[in-house]
Amino acid sequence: METESEPYVRLASLRQLHQVMADMNTARSLADTLQTVANGVVSALGFELACVNLVRPDGDLVVAAFSGNPAAEALITGRAGSRESWDRRLNMGEQWGDLVFIPHTEGWVLDDDDVPQWYTEGPAPRFEDEWHPSDRLFAPMYAKPGAQGGPASGELIGVLSVDRPRNGRRPGAWGREALQMYAFQAAIAISNARLRANMQRALVRLEREQQALRASEESFRQAFEYAPSGMAIAEMGGDQHGRILRTNDALCRLLGRPASAMRRYSFSDLVHPEDIGTLLRTSAEGGRAELRLGRRDGTYVWVSLRNSVVADAADGPRFLLTHVEDIEERKRRELQLAHRASHDSLTGLPNSAELRARLAARLCQRPQTGYHGAFDSQEAFGHPVYDAGGHGFDFVPGGADSYEVYDHHVHTVAPEGEADDGTKGLAVLFCDLDGFKSINDRFGHNAGDAVLIEVARRLGNGVRDGDTVARLGGDEFVILADGLGRADAQDLAVRLRNEIIQPIRAEGRAVRVGASFGIGWAHCGMTADEVLKSADERMYVEKRSRPKQHRRAG
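Keep in mind the model is a prediction, meaning the values are calculated, not measured.

Chemist: How do you make sense of the pattern of salt bridges when you look at a structure like this?
Modeler: Any two side chains of opposite charge can pair, on the condition that their charged atoms come close. Throughout the structure, instances matching the rule amount to 32 salt bridges. The partner of Glu334 in a salt bridge is Arg330, with the nearest N and O atoms 3.0 Å apart. With Glu334 and Arg330 both in helix 12 (residues 328-342) and four residues apart, this pair spans about one turn of that helix. According to the relative accessible area criterion, Arg330 is buried, its value standing at 6%. A salt bridge links Asp434 to Lys543; its shortest N-O distance comes to 2.2 Å. Remark: Lys543 occurs in helix 17 (residues 528-545) and Asp434 occurs in strand 16 (residues 425-434); sequence separation between them is 109 residues. Take Asp434: its relative accessible area is 5%, and that puts it in the buried class. With a relative accessible area of 10%, Lys543 lands in the buried category. Each of Glu177, Glu329, Arg332, Arg333 and Arg340 takes part in one network of salt bridges that share partners.

The following block contains the structure:
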């Protein structure tokens, strides 16, 4: 069993967190971005209060946005604290990665400094990880953050202050990682909002100050060339619409291509074939899309692409200004979070929810029935037939017109009777380990975890590509294997049992476990729970049929 496990993360929570991060990057102004950052902490990260402290040009930090309590917002918004006081806070307490946690037992020394803060009262914690009203948690934000999960670097641009977790506890491992990742994305969003504001001011000067054109062009050139994210200028209109005219160093480094080579392409030449539709749907002005661009080495990188039109008052649109932001790390994190929600944290196998989803995707509500009469065995229910054009569909005879119903879902069928009649179906093998509890009791949970990990590896190696091996929990596993007959399923169960009963090294000693298998069959008309219950019952029948002294040996 796991000594620690990741908390269950609902898909709805991941979607909400993803939406909040997307909103940060679509805010219209810096002020909107700051307020969106504060609101996102309250709506998606499980805290009741959140404050964004922004570094001013003089180095002090001002409360720029607040969320969660209108009275506290009116009290401290716009007030500033000295950089010296903030540096003191960020260098005391406990370091949780890039986060700084100051428990109430240490934070009392900060009550009288000049940093704006709100005060709450409450009883002493009743248990170790209970949140105290005087606990403080800060998430620093940097202008050039390093890779997520790595040490922070770059210039401090602000600090996120959070308070009152809704569950009343100090954040666990996932909560800390989520807050750290959120601060990472918030820093990028604030930096980009500042960059967009600077770019917009430069563009306004280009339009309104023709007499200062050279000075405005120099300002634009510097903002373009030294932008931390990729920038490109492309032609607009005509036969060469979309052709890249100019790129900055950041974009060239991102794609591994020199500026001279970039001028031979348009973005449609560089985009991944699967994303060309996304690029074409992106509007010219204000359009934004997330897609993949090709590198020189043949690989692809995920980017956020935003277009703006640089126009001339007399001549109309002149060219497209494209902002390209590297979001590869964010996409990787999203995939990791989604994987954690659907896979077992110890073995890496699909978990119970993912197993049921895969099983349910193969089943429909139409029950399995047999057909006789004018149809041969190859046209029976569950076997695809083809029209004159070669398109496959399921043929369902019945009624006055045997051809009136066509269904593109290929129905799942199961062998009938106990004899192997040659029918191939979706076998569901329910595996329960024998003797596992005694290993946990005698040698500890670490040894038990090592056994579970090795059993998962052996099961994965013992099935075909395309089969599913999942962990239901504890010492129970399920295998989904399609296209098997009864004899095939029995052979598979024997092979897997023979693999499992081999000695396993755990905590420096060799241990052995047995395995009991129950073989069920899935067919349309059943639910996923009914299929699993059937296989589970067969497993217990098989377990009781074998003498107790032989179970561990398989």
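Chemist: It is not clear to me how the side chain of Ser342 should be interpreted in this structure. Could you clarify?
Modeler: Mapped onto the secondary structure, Ser342 falls in helix 12. A distance of 2.9 Å separates the side chain of Ser342 from the side chain of His343, its partner in a polar contact. Among residues more than four places away in sequence, those in contact with Ser342 are Pro350, Asn351 and Glu354.

Chemist: I tried to follow the confidence of the model for the protein on my own but got confused; where do I start?
Modeler: Atom-level detail of predicted coordinates should not be read off regions where pLDDT is low. With 81% of its residues at a pLDDT of 70 or more, the protein has an overall mean of 81. Overall, residues 1-6 carries pLDDT values under 50, and its contacts beyond four positions in sequence, including any with other chains, amount to 18 contacts. Counting contacts from residues 370-406, a segment whose pLDDT is below 50, to residues more than four positions away or on other chains yields 52 contacts.

Chemist: What is the right way to look at the packing of helix 14 (residues 436-443) against helix 15 (residues 445-461) in this model?
Modeler: For any two helices packed against each other, one specifies the inter-axial angle together with the distance between the axes. Between helix 14 and helix 15, the shortest axis-to-axis distance is 7 Å and the interhelical angle comes to 145°. Where helix 14 abuts helix 15, its residues Phe436, Ile439, Asn440 and Phe443 lie against His445, Ala447, Gly448, Val451 and Leu452. Considered class by class, the residues forming the contact of helix 14 with helix 15 number six nonpolar, three polar and no charged.

Chemist: What's the story with unusual backbone geometry in this structure? I'm lost.
Modeler: Look at Arg164: it is not a glycine, yet its phi comes out positive at around 60°. Here Arg164 is to be found in strand 7 (residues 156-165). Of note, Glu507 is a non-glycine position whose phi angle comes to about 55°, a positive value. Relative to the elements of secondary structure, Glu507 occurs in the loop between strand 19 (504-506) and strand 20 (509-511).

Chemist: Looking at this structure, I do not really get the sheet that holds strand 17 (residues 468-473). What am I missing?
Modeler: Strand pairing within a sheet occurs via backbone hydrogen bonds; the two strands may be parallel or antiparallel. Spatially, 17-18-16-21 is the arrangement adopted by the four strands of the open sheet, whose pairing is antiparallel. Bordering the open sheet on either side are strand 17 and strand 21 (514-522), each of which pairs with just one other strand. The sheet shows a mean angle of 25° between the axes of neighbouring strands, direction not considered. Where strand 16 lies against strand 21, nine bridges are found, and the strand directions are antiparallel.

Chemist: Would you explain the environment of Arg243 in this entry?
Modeler: Mapped onto the elements, Arg243 comes out in the loop between strand 8 (230-235) and strand 9 (244-247). Considered as a pair, Arg243 and Met262 are 19 residues apart in the sequence and their alpha carbons are 9.3 Å apart. A polar atom in the side chain of Arg243 sits 2.9 Å from the side chain of Glu235.

Chemist: When you look at the side chain of Asn440 in this model, what are you seeing that I'm missing?
Modeler: Structurally, Asn440 can be placed in helix 14. We classify Asn440 as buried; its relative accessible area is 9%. Side-chain polar atoms of Asn440 contact the side chain of His445, separated by 3.5 Å.

Chemist: Is there a simple way to explain the pairing of strand 1 (residues 47-55) in this structure?
Modeler: On a regular strand, one side chain projects to one face of the sheet and the next to the other, so that they alternate. Most of strand 1 sits out of view: eight of its nine residues are buried. Examined bridge by bridge, strand 1 and strand 7 share seven bridges and lie antiparallel to one another. Residue pairing in the sheet places Leu49 in a bridge with Asp163 of strand 7. Relative to strand 2 (residues 61-67), strand 1 runs antiparallel, the two sharing six bridges. By the bridge assignment for strand 2, Val52 is matched with Ala65.

Chemist: Explanation requested: helix 16 (residues 486-500) in the structure shown.
Modeler: At 3.6 residues per turn, the α-helix brings residues three or four places apart onto the same side. The terminal C-alpha atoms of helix 16, which comprises 15 residues, lie 21 Å apart, in line with the 21 Å expected from a rise of 1.5 Å per residue. Where the residues of helix 16 are buried, they touch strand 16, helix 15, strand 18 (476-484), strand 19, strand 21 and helix 17.

Chemist: Hey, could you run me through the sheet that holds strand 6 (residues 136-142) in this one?
Modeler: Across the sheet, which stays open at both edges, the seven strands sit in the order 3-2-1-7-6-5-4 with antiparallel pairing between neighbours. Only two strands of the sheet have a single neighbouring strand rather than two, namely strand 3 (80-81) and strand 4 (94-96). As paired elements, strand 2 and strand 3 share two bridges and run antiparallel to each other. Considered in strand 3, the bridge of Val62 is made with Ala80. In the packing of helix 2 (residues 30-44) onto the sheet, contacts are made with strand 1, strand 2 and strand 7, and the angle to strand 1 comes to roughly 155°.

About the thresholds
- Residues numbered from 1 in each chain as written.
- Predicted model: local features only at pLDDT ≥ 70, side-chain atom pairs only at ≥ 80, totals over all residues.
- Heavy atoms only, no water.
- Salt bridge = Lys/Arg side-chain N within 4 Å of Asp/Glu carboxyl O.
- Helix = DSSP H or I, 4+ residues; strand = E, 2+ residues; numbered from the N terminus.
- Buried < 20%, exposed > 50% of the residue type's maximum accessible area, 1.4 Å probe, protein only.
- Polar contact = N/O pair within 3.5 Å; in protein donor to acceptor, adjacent residues only side chain to side chain.
- Contact = heavy atoms within 4.5 Å.
- pLDDT = per-residue confidence, 0-100.
- Axes fitted to C-alpha atoms, helices over the stretch in contact; angles between N-to-C directions.
- Nonpolar A, V, L, I, M, F, W, Y, C, P; charged D, E, K, R; others polar.
- Pairing = 2+ DSSP bridges.
- Expected span 1.5 Å × (residues − 1).

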